[in-house]
Amino acid sequence: MRLRDTPEEAAFRAGLRAWLAEHVPRHRDAGAPGGWTKALHAAGYTGLTWPAAYGGRGLPPTYQGIYAEESALAEAPEGVNVIGLGMVGPTIVSHGTPEQQKRFLEPILSGEYVFCQGFSEPDAGSDLAAVRTRATATAGGWRVTGEKVWSSYAHQADWCLLLARTQPGSTAHTGLTCLLVDMRSPGVRVLPLRQATGDSDFNQIVLTDVPVPRDCVLGPVGEGWRIAMTTLAHERGTFGITLTARLAVEFDRLLRTVHDLGLADDPAVRAEVAELHVQLQGLRWTGHRTMAALARTGKPGPESSILKLHWSITNQRLAAFALRLLGPAAVLHGPDSHAAGHWQHLRLRSRANSIEGGTSEILRGIIAERVLGLPRTR
Amino acid sequence: MDFALTDEERDLSAAAARLLADRYPVERVAALADADGVDPDTWPHLRRQGWCDPDLGMVEKGLLAQEGGYALAATPWWSTVGLAHPIHRAAGRELTPDPLTVAWQDDPAGGGCHAVRQGGRWRLTGLRALVTDATSATALVVAAGTDAGLALFAVASPADGLTVEPQPTLDRLRGAARLRFADTPGELLVAPDSAGRILAQARRHAGTLLACEAVGVARRALELARRHAGDRVQFGRPIGAYQAVAHRLADSYVTLELATSLALRACWLAGADDTEPAEVAHAHAEAVVAGRQAAVRACEDALQVTGGLGATWEYPLHWWYRRALWLDSFDTPTGGHLATLADHLLAGRPEPARPTA
Ligand SMILES: Cc1cc2nc3c(=O)[nH]c(=O)nc-3n(C[C@H](O)[C@H](O)[C@H](O)COP(=O)(O)OP(=O)(O)OC[C@H]3O[C@@H](n4cnc5c(N)ncnc54)[C@H](O)[C@@H]3O)c2cc1C
């Protein structure tokens, strides 16, 4: 066991931290989507763990962990990258044809292609296998019709990794296929969905007879479920580390709020701050253990569900506590409020934490069945 | 003892629910919140139905407040009847059905309000913040410092030297405003010798009604969640058939029922005349704490049960959640209410229990 960076890891971390300190402020309200990816790419920070043959640096997963941690601590505009660099790219590395790898990987690394993920549908949320969007075979490939919802960044994306039903009459996990859909194809309409916070960064995608050429099928036809699960597993890989580091940033902000409001001597406040710290530490060090397991086995196990689950609980608890600190002024929002409404926004936004990327009920089911080996409920 | 609503109380509740259901279908709630959160049209209907009737008992007002929370009625009724009327009554004024509000809170950024008497007339200068329903009110009650201590003044709105600046709020249906006074004419309502006590009583009266409103908010959130859990199918079954969903809603219901009991009890005690002041004060604190918990909890449970749908702006649940968060932080913090109860419970060392001879 070793709970410190190796000299190489430490050097990587220091270099990255210095680079982020210099570049993040300029990109924080990043203009063009993919702009941040381009900057990262120029500095050699994309595709850290991708094999060198695909333009990556072939580093062990610990480096991706360091990257995830440092970029979250620096509050880098990572959102869009999670999908292309974190999920779709690795899926193309594992399942793409050599032509697809040549065509997509370099543009994903360089930020030229921004990806979104089109999995969820109005009737297929937790039950993702209920996907109804259908792809019908044509002479040149497929024609796709259906509706996707809650697709983050679809309004900025060039491409979409889409899960569709290619076998008519099939149900559940069979007969599904993953497609790489050009968002500029005829028949693709993106309608912004506003979140309960008022932000609009997720969307509805309506597909009407959208042509998808045969060479844009990712993995074998009919094997879409397995491909989609690889994508989601990649999402869960280092994402726990990212989430924990973002929580650490909020925790520091919480400490500042406590001081700003003159509450640092209040015993009830002190107890809750210390309690939140213990939860955060638990998440941080479990994240490092998960990372080590990933480095050994190559794929994240169901244990990674506990990070997402407990992160959402802790983030929600922190947000509720922070807002309570504001007293009656918590009712304000906008310019008159403490920290320009940051805590009000987090309080509202954090409720979706236990929904997005798998609901807490579904995650508890995974832990109960796949980790604890309890009998299945369904 | 007979802790049940009378037939008249039930009828009053049902009639209020019908009126509000008619005035505030969900789409209208969302549209009002998306605009400026003010609905001037419903006030005459409330007046006609007797919502501002000076003879209403506290339990009746509590029932109306519950329906107001359930419907998320965008009216200044609570500010008028809950906050201002007790002060007007104490000052010996006739209660009129005009929208009113009370301004007593300091601006979070600092700065209070004071009044001076010049040539027999009072003038107010300074700031009051977080004033509810100030844009609808035609008259205000303002707490201002004088040489002899805090006093309560009547100020017309609009008035010379009065600026009403709306403050953006999390709950857009219960707007706040910052009031700036610059030599604004006012009329003394309650002199410093009793102003502190009268203001505290009014805040408690209003706070008890908010505990009732919280119960209404919780009831509506649970209702939305219950309906969704019955309709939404995933993995081939309505999600309400999964225990994780069903038990969450069952617990939410338990919290709601406990809060309902304490809110109604606090109303009854506040209106009864054979009570100890301490009993009323403690019942109030208990009702507020339980009501806030029920409202926040029911909304958060409902958000969880409605999944991605509940995370959208279009699904109206977040308007009730925003109200629950408003209720959770308006006026005395929950910690203050808990401290009141703890002070009482831990005052003096209890006598050791004596074995029966
Ligand atoms: C902010 C945000 C961003 C998102 N981004 C994306 C994206 O980029 N791409 C994408 O494809 N999707 C995205 N989603 C969608 C997300 O993955 C789904 O919302 C989520 O999987 C839940 O599905 P649902 O909303 O249909 O809820 P439902 O599945 O209808 O669930 C409703 C409730 O029922 C519970 N439930 C359902 N089944 C069971 C069961 N068997 N046992 C116990 N409880 C159960 C759930 O836990 C939940 O509490 C996003 C969602 C949000 C909120």
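Parameters at a glance
- Residues numbered from 1 in each chain as written.
- Chains lettered and ligands numbered in written order.
- Predicted model: local features only at pLDDT ≥ 70, side-chain atom pairs only at ≥ 80, totals over all residues.
- Heavy atoms only, no water.
- Helix = DSSP H or I, 4+ residues; strand = E, 2+ residues; numbered from the N terminus.
- Rg over C-alpha atoms; globule rule 2.2 N^0.38 Å.
- Buried < 20%, exposed > 50% of the residue type's maximum accessible area, 1.4 Å probe, protein only.
- Contact = heavy atoms within 4.5 Å.
- Areas by Shrake-Rupley, 256 points an atom, 1.4 Å probe, with all protein chains shown as cover.
- Lys, Arg positive; Asp, Glu negative; His and termini not counted.
- Charge placed at Lys NZ, Arg CZ, Asp CG, Glu CD.
- Salt bridge = Lys/Arg side-chain N within 4 Å of Asp/Glu carboxyl O.
- Polar contact = N/O pair within 3.5 Å; in protein donor to acceptor, adjacent residues only side chain to side chain.
- Nonpolar A, V, L, I, M, F, W, Y, C, P; charged D, E, K, R; others polar.
- pLDDT = per-residue confidence, 0-100.
- Expected span 1.5 Å × (residues − 1).
- Arc of directions from axis to C-beta.
- Near = heavy atom within 4 Å.
- 1 Å grid on protein atoms, 1.4 Å probe; cavity = no way out; pocket = protein on both sides within 12 Å on 5 of 7 lines; lining within 4 Å.
- Points joined across faces, edges and corners; volume = space filled by probe spheres on them.
- UniProt positions renumbered as here; feature names shortened; annotations may be inferred.
- Pairing = 2+ DSSP bridges.
- Domains from an automatic or database assignment.
- Buried area = accessible area lost by both parts, 1.4 Å probe.
- Patch = residues over 30% accessible without salt bridge, like charges linked within 9 Å, V, L, I, M, F, W, Y side chains within 5 Å.

1. A look at the overall build of chain B
Here is step 1: The helix and strand tally for chain B stands at 10 helices and 9 strands.
Here is step 2: A compact globule built from 357 residues would reach a C-alpha radius of gyration of about 21 Å, and chain B, at 22 Å, matches this within 12%.
Here is step 3: C-alpha atoms of chain B, sized along the principal axes, occupy 80 × 70 × 40 Å.
Here is step 4: For chain B, with 357 residues in total, the buried portion stands at 54%.
Here is step 5: Taking contacts inside chain B between residues at least 6 apart in sequence as the whole, the part at least 24 apart equals 71%.
Here is step 6: Surface accessibility of chain B: about 15,700 Å² in total, with carbon and sulfur atoms responsible for 53%.
Here is step 7: If the 34 positive side-chain charges of chain B are averaged to one point and the 44 negative ones to another, these points end up 3 Å apart.

2. What about the interface of chain A and chain B?
Here is step 1: Residue-level contacts link 34 residues of chain A with 39 residues of chain B.
Here is step 2: There are 5 salt bridges connecting chain A and chain B.
Here is step 3: With its nearest N and O atoms 3.3 Å apart, the salt bridge here joins Glu300(B) to Arg351(A).
Here is step 4: For the pair chain A and chain B, the interface holds 20 residue pairs in polar contact (both at pLDDT 80 or more).
Here is step 5: Broken down by secondary-structure element, the contributors of at least two residues to the side of chain A that touches chain B are helix 9 (342–349) and helix 10 (360–371) of chain A.
Here is step 6: Of the residues belonging to the side of chain A that touches chain B, the class tally is 15 nonpolar, 11 polar and 8 charged.

3. A closer look at the side chain of Asp127(A)
Here is step 1: Locating Asp127(A) in the fold gives a position in the loop between strand 1 (115–118) and strand 2 (134–137).
Here is step 2: From its side chain, Asp127(A) meets the backbone nitrogen of Phe235(B) in a polar contact 2.8 Å long.
Here is step 3: Asp127(A) has contacts with Gln234(B), Phe235(B) and Gly236(B), leaving out every residue within four places of it along the chain.

4. Here we look at the confidence of the model for chain B
Here is step 1: Here chain B averages 95 in pLDDT, and 99% of its residues register 70 or above.
Here is step 2: Scored by ipTM, the complex comes to 0.94, with pTM at 0.96.

5. Some remarks on the pattern of salt bridges
Residues and elements named next belong to chain A.
Here is step 1: Inspection of the entire model under this criterion finds 38 salt bridges over all chains.
Here is step 2: Salt-bridge contacts for Arg13 lead to Glu70; the nearest nitrogen and oxygen are separated by 2.9 Å. Taken together, the residues span a long stretch of sequence, with Arg13 in helix 1 (residues 7–27) and Glu70 in helix 3 (residues 61–73) at a distance of 57 residues. The exposure classification of Arg13 matches that of Glu70, with both residues buried.
Here is step 3: Of the charged contacts, one joins Asp215 and Arg103 as a salt bridge, the two residues approaching to 3.8 Å between their closest N and O atoms. With Asp215 in the loop between strand 7 (202–213) and strand 8 (217–218) and Arg103 in helix 5 (residues 98–110), the pair connects residues that are 112 residues apart, well separated along the chain.
Here is step 4: By relative accessible area, Asp215 is classed as partly exposed at 48%.

6. Description of helix 1 (residues 7–23) of chain B
All names here are of chain B.
Here is step 1: Helix length check: helix 1 (17 residues) gives 24 Å between terminal C-alpha atoms against 24 Å at 1.5 Å per residue, within 8%.
Here is step 2: For helix 1, the full list of buried residues reads Glu9, Ser13, Ala16, Leu19, Leu20 and Arg23. Along helix 1, the residues classed as buried sweep out an arc of 130 degrees about the axis, all on the same side. Exposed and facing more than 90 degrees away from the buried side of helix 1 are Asp7, Asp11, Arg18, Ala21 and Asp22.
Here is step 3: On its buried face, helix 1 is in contact with helix 2 (26–34), helix 3 (43–49) and helix 4 (58–71).

7. Re the site of the ligand
Here is step 1: In the neighbourhood of the ligand, 27 residues make up the surrounding shell, with Ser126(A), Trp150(A), Thr359(A), Arg232(B) and Gly308(B) lying closest.
Here is step 2: Looking at what sits near the ligand, you find residues from chains A and B.
Here is step 3: Here a nitrogen atom of the ligand and a side-chain polar atom of Ser120(A) are 2.8 Å apart.
Here is step 4: Glu361(A) places a polar side-chain atom, nitrogen or oxygen, 2.7 Å from an oxygen atom of the ligand.
Here is step 5: In the complex, the protein chains occlude 93% of the 970 Å² of accessible area that the ligand would expose alone.

8. Re the layout of surface pockets
Here is step 1: In this model, the second largest pocket occupies a volume close to 1,000 Å³.
Here is step 2: Looking at the second largest pocket, it is lined by 38 residues, and the ones nearest its centre are Ala320(A), Phe321(A), Arg324(A), Arg347(A) and Asp328(B).
Here is step 3: Secondary-structure elements contributing two or more residues to the lining of the second largest pocket are helix 7 (267–297), helix 8 (304–325) and helix 10 of chain A together with helix 7 (243–271), helix 8 (277–310), helix 9 (317–329) and helix 10 (334–345) of chain B.
Here is step 4: The residue makeup of the lining of the second largest pocket, split by class, is 14 nonpolar, 11 polar and 13 charged.

9. Here we look at the UniProt feature "domain: Acyl-CoA dehydrogenase/oxidase C-terminal" (unreviewed entry) in chain B
Here is step 1: If you check UniProt for "domain: Acyl-CoA dehydrogenase/oxidase C-terminal" (unreviewed entry), the listed places come out as residues 209–331 of chain B in our numbering.
Here is step 2: The straight-line gap between the two end C-alpha atoms of residues 209–331 of chain B is 13 Å; of that span, 80% is helix and 3% is strand.

10. Describing the UniProt feature "domain: Acyl-CoA dehydrogenase/oxidase C-terminal" (unreviewed entry) in chain A
Here is step 1: The feature "domain: Acyl-CoA dehydrogenase/oxidase C-terminal" (unreviewed entry), as given by UniProt, occupies residues 222–372 of chain A in the numbering adopted here.
Here is step 2: Taken end to end, residues 222–372 of chain A comprises 73% helix and 0% strand; its first and last C-alpha atoms sit 31 Å apart.

11. Examining the pairing of strand 3 (residues 121–132) of chain B
Successive residues of a regular strand alternate their side chains across the two faces of the sheet.
All names here are of chain B.
Here is step 1: Bridge analysis of strand 2 (residues 113–118) against strand 3 gives 6 bridges, and the strand direction is antiparallel. By the bridge assignment for strand 3, Arg117 is matched with Trp122.
Here is step 2: Connecting strand 2 to the next strand, strand 3, in antiparallel fashion are 2 residues, including Gly119 with a positive phi near 55 degrees.
Here is step 3: Strand direction decides the pairing type here: strand 3 and strand 7 (residues 176–190), joined by 8 bridges, are antiparallel. Pairing of Arg128 across the sheet is with Leu179, part of strand 7.

12. Points about the domain arrangement of chain A
All names here are of chain A.
Here is step 1: Along its sequence, chain A is carved into domain 1 (7–110), domain 2 (115–222) and domain 3 (236–370).
Here is step 2: With centres defined by C-alpha atoms, the gap from domain 1 to domain 3 works out at 24 Å.
Here is step 3: Summed over both sides, the interface of domain 1 with domain 3 buries roughly 960 Å², with 75% coming from carbon and sulfur.
Here is step 4: On the domain 1 side of the contact with domain 3, Pro61, Glu69 and Ala72 bury the most area, a combined 39% of that side's loss.

13. Some thoughts on a nonpolar patch on the surface
Here is step 1: Judged by side-chain polarity, Met1(A), Leu3(A) and Trp285(A) come together as a nonpolar surface patch covering roughly 430 Å² of accessible area.
Here is step 2: Examined against the element boundaries, Trp285(A) turns out to sit in helix 7.

14. Side note on the domain arrangement of chain B
Accessible area lost on assembly of the parts is the figure often given for the size of an interface.
Residue and element names in this part refer to chain B.
Here is step 1: As far as domains go, chain B holds domain 1 (7–90), domain 2 (100–190) and domain 3 (196–347).
Here is step 2: One C-alpha centre belongs to domain 1, the other to domain 2; they are set 24 Å apart.
Here is step 3: Contact with domain 1, which involves 19 residues of that partner, is made by 15 residues of domain 2.
Here is step 4: When the two sides are added together, the surface that domain 1 and domain 2 hide from each other amounts to roughly 1,400 Å², 68% of it contributed by carbon and sulfur.
Here is step 5: A per-residue breakdown of the area domain 1 buries against domain 2 is headed by Leu83, Ile87 and His88, which together make up 31% of the total.
Here is step 6: At the boundary of domain 1 with domain 2, the tally comes to 1 salt bridge.
Here is step 7: Residues Arg172 and Asp34 are paired through a salt bridge, measuring 3.9 Å at the closest nitrogen-oxygen approach.

15. Quick look at empty space enclosed by the protein
Here is step 1: Tallied over the entire structure, the rule returns 3 cavities of 30 Å³ or more.
Here is step 2: Roughly 130 Å³ of volume is contained in the largest cavity.
Here is step 3: Forming the walls of the largest cavity are 15 residues, and the residues nearest its centre are Ala196(A), Leu348(A), Arg351(A), Ala352(A) and Ala311(B).
Here is step 4: Secondary-structure elements contributing two or more residues to the lining of the largest cavity are helix 9 of chain A together with helix 8 and helix 9 of chain B.

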